[in-house]
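# Tertiary structure, described
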Amino acid sequence: MAALISRVGKRLRRIIQRPGSVELTRYEALLPAVEKLEPELEKLSDEELTERAGKVREVTDFGDDQLVEVCALGREAARRALGERAFDVQVLGTMGLLTGHVVQMETGEGKTLAGALAAAGYALRGKRVHVVTVNDYLARRDAEWMGPVYALLGVSVGWVEPAHSREDRKEAYAKEVTYGAVAEIGFDVLRDRLVTHEEDLVQPDPEIAIVDEADSVLVDEARVPLVMAGSIDHTDADEEVANVVRRLRLGLHYETDSDGRNAWLTTAGASVVEKSLGGIDLYGDSGSERLAAVNVALHAHALLTRDVDYLVRDGKVQLINAARGRVAELQRWPDGLQAAVEAKEQVTATDRGEILDSITVQALLARYPEVAGMTGTAVAVAEQLREFYKLEVAVIPPNTPNVREDLPDRIFASPSQKLRAIEDEIRKVHETGRPILVGTQDVAESEELAEKLAKVDLECVVLNARNDAEEAAIIAEAGKRGAVTVSTQMAGRGTDIRLGGTDGSSREEVVELGGLHVIGTARYPSSRLDGQLRGRSGRQGDPGSAIFFASLNDELVLSNAPDIPEGIDSDPDTGEITDPAALRQLNHAQRVAEGVDLEIHRNTWRYTRLIERQRGDLLAHRDKVLRTALATEELEKAQPEKFGELKEKLDDEARLEQICREVLLYHLDQLWSDHLAYLTDVRESIHLRALARETPLDEFHRAAIPEFHKIIPESVSRAAKTLEEAEITDDGIDLADAGVRRANTTWTYLVHDNPFDSDFEQTIKKVRSMIRRKKS
């Protein structure tokens, strides 16, 4: 009876405290069986262990017995290879991953090993596994670190990184388990999309994805498009427009909305711009192109801030990933905005060209028949994981109870009063010798705080987008006695903060002092990011504490809940507010921010769903063209005389097939690129349909579907025309001379989260602009 009550109580606690979580009872019941196998497996030699793991491959039905066997083999392999015996909670995490869930495991609980054991388990079932990481450093580190474990289990492992050649990539993807950053795997998908020879493909068909930092990849970056571009023309930003906009002043020449997503010219601003550009009419037919340039330049000038949204480093504009506080490698805004920011900062313009193909991170992951993931903060996005990926969350309890003390937020009337309190907090805690980790919102804030601390002789180490290459070394020492570390964001850093530093020399002393003290300088737009910062303290049962400071004039509140209730008083000396209404306002602002982010995700998903369906249909057709004689058959039907002439002049039938294939693929790819450009134009203007009381999404579908259905027949028609007009010699056809010219260079990049506003906001902005014009 006592056991029954205990189980019921545990289940109720999970239901109450862990919404959206998977019941773990089934997995917990298997733990004794895993442990029972340990003595038996310990007696085996390494070769015998590998041989026994190989027998799992012979099983067709993977049930609980095989789950137990894989986990027991993995635990023994880790013990031998790494000197680490997997905790029961790591085994639970492995089981959760092997049954297709997102497992929530707190920071420092050993997600990397759990993920490796699950990947090995899938491989032993005959599945090809991609372990998707948030950056290239972690992909290589984890593949090499876990390599000996895989070797003992008889599973091959590799990784992909930007420096790899095509042959390196083919070799890595040929392994049973391949580690790679989400962007790198996505770029390989796009590169494969353009090959004209079957042997040039590097990626096999996708089967299993295990996603590290799953909430970051599947939610935060889900709507980020990965882009393959080709260099066709080089177009610079409108320097004249940039110089005009640079002189405009907020409140006089332009206005912005409270959440910093819109900027628009006032009547006075429009007049100044029109006069400066030679007396044009921005709102007339002849001025429409200049108006577009002015709008994008104004966005760059008014809404994007240096050292917050981007850095200028090595003569280049580099975007900052807000969720991670580091440079977003290979990431850029859409070409027009990227060029506008480069013109604003007066740096050399980067190459631009035609988008050959693109895919969102969400669509990339949707290619895998089965997806699992691991992160420290999944419950907060459980509904999104279910809505967008049909994934459930399994909450894994910590191996050792968390004893971190989460202190109440301290709220102040103004940012300056808050900053003084933060400085005072750092000084007081530092005097005790405890290590301190301070989480800031952006690069500018981290450097401002470091300067203020230096003035009062408090040395600190700063970790932000400027020095993210040194992050592992900085984080590793953040737990030393007396250390003060200021970081922009701690999500996905991949390195634990160990009390006492890497050598652990002062561990016991730091433990006695109370462990790592975490300070947040403001609430993040997502409660998950708050949780990720807090989670850096209290690792594996270590002592620690965390506290957040906030102001009712922080950006989060001003952008999302600016209407502060009356009657909230602050201390006249310190500015601190103890009224519970202030905390409610802060929580409300954060919930609004999370809601806005979710709606943007949903909106992006609604539009890209159709595009991805079309993309899938087109790729299936392209693959058939690539692997079969379909191109030859189609062109022979369309141009029998010309085809016969070509056949007579070519002895090699496989040469002939390839010519037809390359001509048809060229036109197919060009038409898809044109289709993407067309859809972009439709998407950018679709908000105008709302003015006519039409549903923008319905109108988008009405525009997109008929155009897509023209692509395949049009590709055959164009290919036939190319064949008809081509000069045939004894060597065949000079494809370049026939107009089959692919981009001379290609490159990949990520497009930053759409910086422009929603359809509704765009509509309101247009209405405001029209009203102003009429009034003037």
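Here the structure is a predicted model, which means the values were calculated and not measured.

## Things to note about the packing of helix 26 (residues 630–638) against helix 31 (residues 711–725)
When two helices pack together, their arrangement is given by the angle between the helix axes and by the axis-to-axis distance. The contact between helix 26 and helix 31 brings their axes to 9 Å, and the two run at 70°. With respect to each other, helix 26 and helix 31 are oriented roughly perpendicular. Judged by the sense of rotation from one axis to the other, the crossing of helix 26 with helix 31 is right-handed. Residue-level contacts link Glu 634, Leu 635 and Ala 638 of helix 26 to Val 716, Ala 719, Ala 720 and Leu 723 of helix 31. The class makeup of the residues in the contact of helix 26 with helix 31 is six nonpolar, no polar and one charged.

## With respect to the pattern of salt bridges
Throughout the structure, instances matching the rule amount to 47 salt bridges. Of the charged contacts, one joins Glu 240 and Arg 290 as a salt bridge, the two residues approaching to 2.8 Å between their closest N and O atoms. With Glu 240 in helix 13 (residues 239–246) and Arg 290 in helix 15 (residues 288–303), the pair connects residues that are 50 residues apart, well separated along the chain. In this structure, the salt-bridge partner of Glu 425 is Arg 410, at a minimum N-O distance of 3.9 Å. Here Glu 425 is found in helix 19 (residues 415–432), whereas its partner Arg 410 is found in strand 17 (residues 410–412), with 15 residues between them in sequence. Glu 425 sits in the buried class, given a relative accessible area of 13%. Its relative accessible area of 24% is what places Arg 410 among the partly exposed residues. Look at the salt bridges and you will find they share partners, linking Arg 193, Asp 357, Arg 615, Arg 622 and Asp 669 into a network.

## Some remarks on the sheet that holds strand 14 (residues 370–375)
With respect to topology, seven strands assemble into an open sheet ordered 3-4-2-5-14-1-15, the strand pairing being parallel. Where the open sheet ends on each side, the last strands, each with one partner, are strand 3 (157–159) and strand 15 (393–395). Neighbour-to-neighbour, the strand axes of the sheet open up by a mean angle of 20°, direction not taken into account. Alignment of strand 2 (residues 129–133) against strand 4 (residues 177–181), held across five bridges, turns out to be parallel. Each bridged residue has a counterpart across the sheet, and for Val 129 the counterpart in strand 4 is Val 177.

## Regarding the packing of aromatic side chains
Taken as a whole, this structure holds four aromatic pairs when the rule is applied. Ring geometry for Phe 412 and Phe 549: centres 6.2 Å apart, planes at 15°, overall stacked. Remark: Phe 549 occurs in strand 22 (residues 544–551) and Phe 412 occurs in strand 17; sequence separation between them is 137 residues. Both rings, one in Tyr 607 and one in Phe 700, keep their centres 5.0 Å apart while their planes meet at 75°; by these two values the pair is edge-to-face. You can see Tyr 607 sitting in helix 25 (residues 580–627) and its partner Phe 700 sitting in helix 30 (residues 696–709), a full 93 residues away along the chain. Given a relative accessible area of 1%, Phe 700 falls into the buried group. A cation sits over an aromatic face here: Arg 609 above Trp 605, 4.2 Å from the ring centre.

Rules used throughout
- Think of each chain on its own: its residues are numbered from 1, step by step along the sequence as written.
- In keeping with the predicted nature of the model, local features appear solely for residues at pLDDT of at least 70, side-chain atom pairs appear and are counted solely at 80 or more, and the whole-chain, interface and lining totals rest on all residues.
- As a rule here, side-chain values come from all non-hydrogen atoms in the structure, and water together with hydrogens is ignored.
- Between the N-to-C directions of two axes lies an angle of 0 to 180 degrees, each axis being a line fitted to C-alpha atoms and, for a helix, fitted only over the stretch in contact.
- Helix and strand definitions here come from DSSP, where helices need a minimum of 4 consecutive H or I residues and strands a minimum of 2 consecutive E residues; each element is numbered from the N-terminal end.
- Angles below 35 degrees are treated as roughly parallel, those above 145 as roughly antiparallel, those between 65 and 115 as roughly perpendicular, and all remaining angles as oblique.
- By definition, any crossing whose near helix is turned counterclockwise from its far helix by less than a right angle is left-handed, and any crossing with a clockwise turn is right-handed.
- Residues count as neighbours in contact if any of their non-hydrogen atoms are within 4.5 Å of one another.
- Note that Gly is not counted as nonpolar here; it falls among the polar residues with everything else outside the nonpolar set of Ala, Val, Leu, Ile, Met, Phe, Trp, Tyr, Cys and Pro and the charged set of Asp, Glu, Lys and Arg.
- Salt bridges, as used here, are contacts in which a Lys or Arg side-chain nitrogen is within 4 Å of a carboxyl oxygen on Asp or Glu.
- Buried means the residue's accessible area, taken with a 1.4 Å probe over protein chains only, is under 20% of the maximum for its type, while exposed means over 50%, and partly exposed covers the values in between.
- Strands pair, by our definition, only if DSSP identifies at least two bridges between them.
- Classification of ring pairs uses Phe, Tyr and Trp, with its six-membered ring standing for Trp, and accepts pairs whose centres are within 6.5 Å; under 30 degrees between planes counts as stacked, over 60 as edge-to-face, and the remaining range as tilted.
- For a ring to carry a charge above it, either NZ of a lysine or CZ of an arginine must fall within 6 Å of the ring centroid while also lying within 35 degrees of the normal to the ring plane.

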